[in-house]
Every structure is written in C-alpha cells, then in structure tokens.
Amino acid sequence: DPPAHVDVLIMEGTNLGSEKPCVAEDDLEREFEELFKATEGRVFVAWSGQNIDRAVTLYRACKRASRTLVIDLYTAEVLDKLSRYANLPRPGFPNLKVVITGPFARMYRETGRADFVERMAPHGIAARHLAETPGKWVAMIRRSLIRDYVRNGVTRTPADAWSWSMWKGYLRKEDGQEIYDWFKAGGSRAHHLHTSGHASPADLRGFADRMAAG
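Residues numbered from 1 in each chain as written. Predicted model: local features only at pLDDT ≥ 70, side-chain atom pairs only at ≥ 80, totals over all residues. Heavy atoms only, no water.

**Q** Which residues make up the packing of aromatic side chains, and what values go with them?
**A** Under the definition given, this model contains 11 aromatic pairs. Ring geometry for F32 and F36: centres 5.8 Å apart, planes at 35°, overall tilted. Taken together, the positions of F32 and F36, both in helix 1 (residues 25-38) and 4 residues apart, correspond to about one turn of that helix. The class of F32 is buried, set by a relative accessible area of 0%. (Phe/Tyr/Trp six-rings, centres within 6.5 Å; stacked < 30°, edge-to-face > 60°. Helix = DSSP H or I, 4+ residues; strand = E, 2+ residues; numbered from the N terminus. Buried < 20%, exposed > 50% of the residue type's maximum accessible area, 1.4 Å probe, protein only.)

Rendered as structure tokens:
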C-alpha cells in the first residue's frame, strides 16, 4: 500500500545489471548447519566482521550443530558494542570464543584499547587450541590470522572445510587469493555460502513498479 503521487524515487541498485540470486539468511543458516555436521574436522569461514547478520547466522548454525564459533578481536568488539542496542551473540555467550592472537592484541594495546583485550581474556582462546578437538570449531579466517594459526600448529587438512562467505569478486583480490591458495594446498574442501545484503533485481524492479514514481 505505497503512498500515492510519488514524484521521484531514489533507491539503491547494487544488484541491477545482474541476476545474482539472493537467498534468506535462514536458508543460509541451514546450509551452514549441514556443512558443520557433515565435516569431520574444523570449518573455517571468511566473512566481514561488520556483517552482523552473517555472524548471527553462523552462531545459530554452530549451536544447532554443537560447535563453537571462534571470532577475532575486531568482530568481538563490533558485537560487544552493538549488543547494547540489540540482543546479539557476544563474548560470554555459550558456543562463542574469541581467538586472541599476539599481533592483533599488540595492535589493540598500542592504540589505547588494552582494556578491551583484558576484558576479552576470560572469553578467549589461544590459536593453538584450534589444533585440538578439530570437530569442535568453526573458526573465522582472514589473511592476517593465517600466520598466527601456522605459528601455533593450526594446519589445514582434507578433513577440514572452508567457506568464503563474501562476494566472490573479493576472492580474486590479493587477500582472498592467499586464503584460497592456503586451503587448496592443504586439500580442504571449499564452499561458497553467501547471500547479498542488497535486494535482488527482481525485488528492486517490483518495488519501483509499485511506487510508480513520476
């Protein structure tokens, strides 16, 4: 029931010019749950720390699959700050841990945020724990985490799986390519589980038609 007599409609159009499918986060949650249950080892997931919907989706899938989601300090900070406005998973919740890596913790301390690192310590794990009980973890992966994982004996194996949960175009950039090559060398299975946060072309066209601007 749109308002009548709209003169001009200004709208976003990120997906115009493409026919990329857009699925609901609920559907993505079920796909992640199936992946977690079907994987013998760890599942590593690359996603943006600012994509709150995806963090919630992964956390819910972890709970259903009896796994623990491991996020980095930055993602922990984002969830911690936003949790005062919404009921979001955050450090201290069951099935959620923060991997505290040396370089990242040092960067936080050098930028005056040492108190946050200390506050996360009770909810944190060292990277080396990801090498133990591999079937327990769903771990965030990004280029900056690989070096610390390797130093702590976290090696990817054919029993592990990994998912690129971002736009595929980013996978062709330097950071994405390094992650891709790291898992390929270890024989880990790759899965692209993602949905755009932008509306589909069909939804955009339908919305514009209903608004009937001009």
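**Q** Talk me through the pairing of strand 5 (residues 137-140); I want residue IDs and the actual numbers.
**A** Residues W137 and A139 point to one face of strand 5 and V138 and M140 to the other, with burial holding for every one of them. Sheet analysis places strand 1 (residues 43-46) next to strand 5, joined by 3 bridges and oriented parallel. Bridge pairing in strand 5 links F44 to A139. (Pairing = 2+ DSSP bridges.)

**Q** Lay out the pattern of salt bridges with the relevant residues and their values.
**A** Summed over all chains, the structure comprises 16 salt bridges. For E29, the salt bridge identified is with R60, shortest N-O distance 2.7 Å. In this pair, E29 sits in helix 1 while R60 sits in helix 2 (residues 52-65), placing the two residues 31 residues apart along the sequence. The exposure class of E29 is buried, given its relative accessible area of 5%. Among the salt bridges present, the one from E33 reaches K37, with a minimum N-O distance of 2.7 Å. Highlighted residues: E33 and K37, both in helix 1, separated by 4 residues, approximately one helical turn. Accessibility expressed as a relative area gives 53% for K37, which makes it exposed. Several salt bridges share partner residues, and in doing so they unite E29, E33, K37, R60 and R64 into one network. (Salt bridge = Lys/Arg side-chain N within 4 Å of Asp/Glu carboxyl O.)

**Q** Please give an account of the pairing of strand 6 (residues 161-164) that cites residues and values.
**A** Side-chain alternation along strand 6 places A161 and S163 on one buried face and W162 and W164 on a second face that is also buried. By the bridge criterion, 4 bridges tie strand 1 to strand 6 in an arrangement that is parallel. Bridge pairing links F44 to W162 in strand 6. Relative to strand 7 (residues 189-191), strand 6 is paired through 3 bridges, and the arrangement is parallel. Bridged to A161 within strand 7 is R189.

**Q** Please set out the sheet that holds strand 1 residue by residue, giving values where relevant.
**A** Sheet strands pair by backbone hydrogen bonding; their relative direction is either parallel or antiparallel. Read from one edge to the other, the open sheet built from 7 strands follows the order 4-3-2-5-1-6-7, with strand pairing classed as parallel. Across the chains shown, the open sheet's two edge strands, defined by having one partner strand only, are strand 4 (124-125) and strand 7. Here strand 3 (residues 96-99) pairs with strand 4 via 2 bridges, running parallel. Paired with V99 across the strands is I125, a residue of strand 4.

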